[in-house]
Amino acid sequence: MAKLEQQVENTTTVRVELAERSYDIVIGEGLLAGAGPYLTPILARQRVVIVSDETVAGLHLAALQASLNKAGIDNDAVIIPPGEGSKNFAQLQSLLDRLIELRVERRDTVLALGGGVIGDLAGFAAAILRRGIDFIQLPTTLLSQVDSSVGGKTAINAAQGKNLIGAFYQPRLVLADVAALASLPARELRAGYGEVVKYGLINDFAFFEWLEKNGADLLAGSTDALRHAVAVSCRSKAAIVARDEREHGDRALLNLGHTFAHALEAEAGYDGRVLHGEAVSVGLNMAFTLSRRLDLCPSQDSERVRRHLSAMGLPTEAGQLGLDGLTAEIMLAHMRQDKKVADGQLTFVLARGIGRSFITKDVDEGTVREMLQDALQPAKAG
Ligand code: GLY
């Protein structure tokens, strides 16, 4: 079982228990500028290549490199363009070329410094370079600290859909520096909050209540609130990943709202108009609306979810995402491309209430279509 291990000098450590592939997630302030001592004992050879994007490198690369130099860790950096558009074959190839040119050896380590795009791309490159070299996640966005840096999903996008080409490949360590979140644009921090709310909705009603009380402070940048929310989210994810690393069962709970969200993102075309966390927020509302329509979930719960997301400034309706002309049929067509489709059947994560989510294939497509038709009405009218 994953468990919260210790509090050391204002850091919290969550262990992801995966036998010989177990690792720590360390959460605290100043972990980028203080990375060296955390890395030294983990590295097979004191040599790393940092992979980052232009934006994040401008903010954090110098501090990280200073810490590595101080610890005697030989380092290079490869910088790629920011944005979801970099999660493609061309960037993967150029990253692999650079790593090979830098003579990266089997015992060297890739450090992924950035948000979800960097973690997914650098992690996948590490998974296939020389049949697998170590990698460490240094997530700098809320979304990557609470979700994508933990659990070993790495991937690039295909023209047909998001994350269709990738590997399960666990990092050796995750350092989540909550101080890095201070430099995030407000919209990105808010979008990451969509993934935080997800953990309350899956199986932690008390955490959802805590978010109702403290969400505004968190979004205002309270370090204590951020540290607590990242720790609770990582603990929750670590426990799920520990029991189902490769998503044969329970891990699909982490996809609450995501089948809808991925369809919305596919429709937007990954051009930055819709952030992943914004699509997740709309998707969470859709999952609870569908659950209510199926008489699974009381309407006060689905309304409470919508109210909280909306109070935090997140979109809850597809119409707020500016996807003109989106119809229920288009949404369903995108949803059928989802990785969760098995034997042509969609898997849904639904809820019997807040904190009571479950996985099912047994959902009448007609009800889904009706829910989508109603949900997309305002978008068509507007
Ligand atoms: N982001 C969902 C998962 O890691 O399984």
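Shown above is the structure to which this text applies.
Note that this is a predicted model, so its numbers are computed, not measured.

Asks: How should the overall build of the chain be read in this particular structure?
Replies: Within the chain, the regular secondary structure consists of 13 helices and 12 strands. For 382 residues, the compact-globule formula gives about 21 Å, and the C-alpha radius of gyration of the chain, at 20 Å, lands near that figure. When burial is assessed residue by residue, the chain has 56% of its 382 residues classed as buried. Restricting to contacts in the chain with at least 6 residues of sequence separation, those with at least 24 account for 75%. Here the chain displays about 15,200 Å² of accessible surface, and carbon together with sulfur accounts for 47% of that area.

Asks: I'm lost on the side chain of Ser 302 in this one. Help?
Replies: When you line up the elements, Ser 302 lands in helix H11 (residues 299-311). For Ser 302, a relative accessible area of 5% gives the class buried. The contact partners of Ser 302, leaving out residues within four places of it in the chain, are Asn 285, Phe 288, Arg 292 and Cys 297.

Asks: Is there a simple way to think about the packing of helix H6 (residues 186-203) against helix H8 (residues 223-243) in this case?
Replies: Between two packed helices, the angle of one axis relative to the other and the distance separating the axes together describe the packing. Orientation of H6 relative to H8, taken along the N-to-C sense of each, is 50°, at an axis distance of 10 Å. As summarised for this structure, H6 and H8 are arranged oblique, according to the angle between their axes. The crossing of H6 and H8 is left-handed. Across the interface between the two elements, Leu 189, Val 196, Tyr 199 and Asn 203 of H6 pack against Leu 226, Ala 229, Ser 233, Ser 236, Lys 237 and Ile 240 of H8. Partitioning the contact of H6 with H8 into residue classes produces six nonpolar, three polar and one charged.

Asks: Just checking my understanding: could you explain the packing of aromatic side chains for this structure?
Replies: Aromatic ring pairs: the centre-centre distance and the angle between the two ring planes describe each pair. As enumerated under the stated definition, the model contains three aromatic pairs in all. On the numbers, 6.0 Å between centres and 10° between planes, the contact of Phe 135 with Tyr 169 is stacked. Of the two residues, Phe 135 sits in strand E7 (residues 134-139) while Tyr 169 sits in the loop between strand E9 (161-168) and strand E10 (173-177), which places them 34 residues apart along the sequence. Judged by relative accessible area, Phe 135 falls into the buried class, the value being 0%. Relative to Trp 210, the ring of Phe 207 lies with its centre 5.9 Å away and its plane at 15°, an arrangement referred to as stacked.

Asks: Even after reading the chapter, I still don't get the site of the ligand, so can you show me in this structure?
Replies: Asp 147, Lys 153, Lys 237, Glu 247, Arg 251, Leu 254 and Asn 255 make up every residue found near the ligand. Lys 153 is positioned with one of its side-chain polar atoms (N or O) 2.9 Å from an oxygen atom of the ligand. Arg 251 is positioned such that a nitrogen or oxygen atom in its side chain is 2.7 Å from an oxygen atom of the ligand. Contact with the protein chains hides 89% of the accessible area of the ligand, taken as 190 Å² for the molecule alone. Class assignment of the residues belonging to the shell around the ligand gives a composition of one nonpolar, one polar and five charged.

Asks: What exactly am I supposed to notice about the nonpolar core here?
Replies: If you look at the biggest cluster of nonpolar residues, it comprises 78 residues, and the most contacted ones within it are Leu 142, Phe 260, Met 331, Met 335 and Leu 372. When residues of this core are assigned to their parent elements, the largest contribution, 10 residues, is made by H8. What Phe 260 contacts, discounting residues up to four positions off in sequence, is Gly 283, Met 286, Ala 287, Leu 290, Met 331, Met 335, Phe 348, Met 371 and Leu 372. The next biggest cluster of nonpolar side chains, apart from the first, holds 23 residues, and it includes Leu 121, Phe 124, Leu 129 and Phe 135.

Asks: Is there a simple way to explain helix H4 (residues 116-128) in this structure?
Replies: Because each turn of an α-helix spans 3.6 residues, side chains separated by three or four positions end up pointing in the same direction. Along its 13 residues, H4 runs 18 Å from first to last C-alpha, staying within 8% of the 18 Å computed at 1.5 Å per residue. For H4, a buried count of 12 out of 13 residues is recorded, marking the element as mostly surrounded by other parts of the structure. Every buried residue belonging to H4 is among Gly 116, Val 117, Ile 118, Gly 119, Asp 120, Leu 121, Ala 122, Gly 123, Phe 124, Ala 125, Ala 126 and Ala 127, and all of these are buried.

Asks: Would you explain the layout of surface pockets in this entry?
Replies: Rolled over the atoms, a probe sized like a water molecule indicates the empty space that remains. Taken as a whole, the second largest pocket holds about 210 Å³ of empty space. Considering the residues around the second largest pocket, the lining is formed by 15 residues, among which Asn 285, Thr 289, Arg 292, Arg 306 and Glu 317 are closest to the centre. Where the lining of the second largest pocket is concerned, the elements lending two or more residues are helix H10 (276-293), H11 and helix H13 (365-381). Among the elements that take part in the lining of the second largest pocket, H10 stands out by supplying five residues, more than any other. Class assignment of the residues belonging to the lining of the second largest pocket gives a composition of six nonpolar, four polar and five charged.

Asks: Would you mind going over the pattern of salt bridges with me for this structure?
Replies: Oppositely charged side chains can form a pair if their charged atoms are brought close together. Scanning all chains against the criterion turns up 27 salt bridges. With a shortest N-O distance of 3.5 Å, Lys 162 and Glu 84 are connected by a salt bridge. Placement of the pair is Lys 162 in strand E9 and Glu 84 in the loop between strand E5 (74-80) and helix H3 (89-101), with a sequence separation of 78 residues. Since its relative accessible area comes to 9%, Lys 162 is described here as buried. Between Asp 224 and Arg 227 there is a salt bridge, and its shortest N-O distance comes to 3.2 Å. Here Arg 227 and Asp 224 lie together in helix H8, a separation of three residues that amounts to about one turn. A network of salt bridges, in which partner residues are shared, links Arg 45, Arg 47, Asp 74, Asp 76, Glu 105 and Asp 108.

Analysis parameters
- Residues numbered from 1 in each chain as written.
- Predicted model: local features only at pLDDT ≥ 70, side-chain atom pairs only at ≥ 80, totals over all residues.
- Heavy atoms only, no water.
- Helix = DSSP H or I, 4+ residues; strand = E, 2+ residues; numbered from the N terminus.
- Rg over C-alpha atoms; globule rule 2.2 N^0.38 Å.
- Buried < 20%, exposed > 50% of the residue type's maximum accessible area, 1.4 Å probe, protein only.
- Contact = heavy atoms within 4.5 Å.
- Areas by Shrake-Rupley, 256 points an atom, 1.4 Å probe, with all protein chains shown as cover.
- Axes fitted to C-alpha atoms, helices over the stretch in contact; angles between N-to-C directions.
- Parallel < 35°, antiparallel > 145°, perpendicular 65-115°, else oblique.
- Left-handed = near helix turned anticlockwise from the far one by under 90°.
- Nonpolar A, V, L, I, M, F, W, Y, C, P; charged D, E, K, R; others polar.
- Phe/Tyr/Trp six-rings, centres within 6.5 Å; stacked < 30°, edge-to-face > 60°.
- Near = heavy atom within 4 Å.
- Polar contact = N/O pair within 3.5 Å; in protein donor to acceptor, adjacent residues only side chain to side chain.
- Core = buried A, V, L, I, M, F, W, Y, C linked by side-chain atoms within 4.5 Å.
- Expected span 1.5 Å × (residues − 1).
- 1 Å grid on protein atoms, 1.4 Å probe; cavity = no way out; pocket = protein on both sides within 12 Å on 5 of 7 lines; lining within 4 Å.
- Points joined across faces, edges and corners; volume = space filled by probe spheres on them.
- Salt bridge = Lys/Arg side-chain N within 4 Å of Asp/Glu carboxyl O.

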